[in-house]
Amino acid sequence: MADLNKTSNITSTIKPLDRLNICMEYLNVREETNTEISLKITAYSLALGLAMIGNILVIVIVLRKTHFKTTTNLFIVNMAFSDVMMALICMTISIYSIAVKNMGQSTFQGILGLLICKLLPFLQGISVAVSILTLSTLAADRFLAIVYPFQNFISKFRAKILIVLIWMVAALFNAPLIYAMKFYKEGGVMVCYEIWEPYFDEERASKNYTIVLFVFLYAIPLILVTFFYTALIRELWRGKSLHSNKTRAFAENKSVVKMVMTIIIAFAVCWLPIHVNNFIVLFSSDEMIKYCGLKHSIIFIGWFMGHVNTSINPIIYFTYNEKFRKELKNMYRAVREIFAGKKRTTSATTALSIVKPRIIVTQFNAQNDVVTLEPKVGDFGEANSGFEVST
């Protein structure tokens with residue numbers, strides 16, 4: 001995704017450190033209070049935890065049992081995996097940057113800083129692209145399954161091939177960021193900016209790349225999804241009076257259709273602010289907005305909404321998929337029984353280890369000799385069945 005802080009052609013003559021100071025003054029950037037930092041970290045941490053736990057549960061539920069590996073669920077796992085990648089890489093680094101009060105400077109040095117500067121936008125872009133491309137494919141799959149219920153257009157094997165192609169296309173679209181992201185050191189300060197020179201025109205390349213990403217990884221997929229569902233409703237309306245199998249297929253896929261529509265709406269809403277921000281910065285007539293971008297609070301809200309989409313998706317999966325909910329309950333019961341069994345075993349072992357009963361039975365034989373019987377105690381505190389005789 002194109003960098004938020006793009007400038008006009010004058011940026012080629014300005015050092016990164018000078019740019020940083022000028023923009024901090026223009027945007028009235030101040031050091032955040034501890035309360036603001038705590039609120040941001042708390043919000044991001046909650047979203048991170050929900051995204052990791054929810055999406056990992058979805059992956060485990062689908063992959064642990066064969067009958068869950070349907071074409072629809074394979075696409076859902078693909079989205080869940082991309083969301084885990086987004087949460088694990090992008091959200092954790094965002095939390096770290098907020099915690100160290102990062103004000104536009106890189107908090108990492110050397111090779112690590114260079115790798116993060118180039119790979120973070122690249123991997124984040126891949127995750128977003130995989131999500132929207134998978135959603136489009138899933139919408140097409142449900143359209144074909146309902147409109148042509150007797151034909152299997154997308155088998156499990158074809159679904160796996162499509163998933164591989166989705167990742168390849170996502171990587172191809174975001175590959176230019178590896179070149180464009182530059183890591184500079186000026187005056188002891190490390191900065192990371194998207195700069196297309198010297199091989200491309202700075203302003204034109206940035207605008208063109210932003211438009212390409214918006215059109216192919218946001219606008220067109222949403223238009224295709226709208227087309228699929230409009231055509232689907234039309235087919236169902238026409239076939240309803242004929243009592244066709246399309247109506248029955250729709251009834252069987254109703255929850256899946258609702259789920260996909262909800263996920264797409266959530267994606268569109270969550271990532272819209274970032275796209276709006278990009279276009280404002282790149283096409284604004286105000287040179288300082290082009291040069292410095294918008295205020296940090298606006299940028300934070302935009303990226304947070306995009307990142308929080310990864311924690312919304314698993315909620316949608318479990319809301320619309322009854323089988324997922326049942327399997328989650330089964331997993332919870334299994335885990336609870338395991339811990340309950342361990343607790344009982346531990347309690348019994350502890351009791352036997354601490355309390356070693358000494359059973360003394362006194363008997364008198366004909367000679368009035370006294371015989372004492374003691375239980376043998378094993379190495380782990382368990383009493384054996386035999387007795388040791390002492391006289």
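Residues numbered from 1 in each chain as written. Predicted model: local features only at pLDDT ≥ 70, side-chain atom pairs only at ≥ 80, totals over all residues. Heavy atoms only, no water.

As recorded in an unreviewed UniProt entry, the protein goes by QRFP-like peptide receptor and comes from Actinia tenebrosa. The Sequence similarities (unreviewed entry) comment attached to the protein in UniProt states, word for word, "Belongs to the G-protein coupled receptor 1 family." What UniProt states about the protein under its Subcellular location (unreviewed entry) heading is, verbatim, "Membrane". (UniProt positions renumbered as here; feature names shortened; annotations may be inferred.)

Peer 1: Tell me about the packing of helix 4 (residues 110-147) against helix 5 (residues 156-174), and name the residues and values.
Peer 2: Packing of helix 4 against helix 5 brings their axes to within 8 Å, and their N-to-C directions diverge by 140°. Compared by their axis directions, helix 4 and helix 5 come out oblique. The crossing of helix 4 and helix 5 is right-handed. For the pair formed by helix 4 and helix 5, the contact residues are Phe 122, Gly 125, Ile 126, Ala 129, Val 130, Leu 133, Thr 134 and Thr 137 on the first element and Leu 162, Ile 166, Trp 167, Val 169, Ala 170, Ala 171 and Asn 174 on the second. When the residues that make up the contact of helix 4 with helix 5 are grouped by side-chain class, the tally is eleven nonpolar, four polar and no charged. (Axes fitted to C-alpha atoms, helices over the stretch in contact; angles between N-to-C directions. Helix = DSSP H or I, 4+ residues; strand = E, 2+ residues; numbered from the N terminus. Parallel < 35°, antiparallel > 145°, perpendicular 65-115°, else oblique. Left-handed = near helix turned anticlockwise from the far one by under 90°. Contact = heavy atoms within 4.5 Å. Nonpolar A, V, L, I, M, F, W, Y, C, P; charged D, E, K, R; others polar.)

Peer 1: Provide a residue-level description of the packing of helix 2 (residues 34-64) against helix 11 (residues 296-320), including the pertinent values.
Peer 2: If you want to describe how two helices pack, look at the angle between their axes and the distance between the axes. Where helix 2 meets helix 11, the axes come as close as 8 Å, and the angle between the chain directions of the two elements is 35°. Considering only the axes of helix 2 and helix 11, their crossing is left-handed. Of helix 11, the residues touching helix 2 (which contributes Lys 40, Ala 43, Tyr 44, Ala 47, Leu 50, Ala 51, Gly 54, Asn 55, Leu 57, Val 58 and Ile 61) are Phe 300, Trp 303, Phe 304, His 307, Val 308, Thr 310, Ser 311, Pro 314, Ile 315, Tyr 317 and Phe 318. Class assignment of the residues belonging to the contact of helix 2 with helix 11 gives a composition of 16 nonpolar, five polar and one charged.

Peer 1: Summarise the state of the cysteines; cite the residues concerned and give the values.
Peer 2: By the definition in use, this model includes one disulfide. The disulfide that involves Cys 117 links it to Cys 192, with 1.9 Å between the sulfurs. Taking the torsion about the S-S bond as the criterion, the Cys 117 to Cys 192 disulfide, at about 85°, is right-handed. One end of the pair, Cys 117, is in helix 4; the other, Cys 192, is in strand 2 (residues 189-194), with 75 residues separating them in the sequence. Residue class for Cys 117 comes out buried when judged on its relative accessible area of 4%. By relative accessible area, which is 23% here, Cys 192 ends up partly exposed. (Disulfide = S-S within 2.5 Å. Buried < 20%, exposed > 50% of the residue type's maximum accessible area, 1.4 Å probe, protein only.)

Peer 1: Residues and numbers for the UniProt feature "transmembrane region" (unreviewed entry) in the protein, please.
Peer 2: In the numbering adopted here, UniProt assigns the feature "transmembrane region" (unreviewed entry) to residues 41-63, 75-99, 119-140, 161-181, 209-234, 255-276 and 296-320. The span residues 41-63 is 100% helix and 0% strand, and its two end C-alpha atoms sit 32 Å from each other. A helix fraction of 90% and a strand fraction of 5% characterise residues 161-181, whose end C-alpha atoms lie 31 Å from each other.

Peer 1: Quick rundown of the pattern of salt bridges? Include the residues and the values.
Peer 2: According to the stated counting rule, one finds five salt bridges in the structure shown. Close ionic contact of Arg 142 with Asp 141 constitutes a salt bridge, the shortest N to O distance being 2.8 Å. The same class applies to Arg 142 and to Asp 141, which are both buried. Where Glu 203 meets Lys 207, a salt bridge forms, and the shortest distance between an N and an O atom there is 3.4 Å. With a gap of four residues between them, Glu 203 and Lys 207 both fall in helix 7 (residues 202-240), about one helical turn apart. Here Glu 203 matches Lys 207 in class, with each residue buried. Each of Arg 64, Lys 65 and Glu 327 takes part in a single network of salt bridges with overlapping partners. (Salt bridge = Lys/Arg side-chain N within 4 Å of Asp/Glu carboxyl O.)

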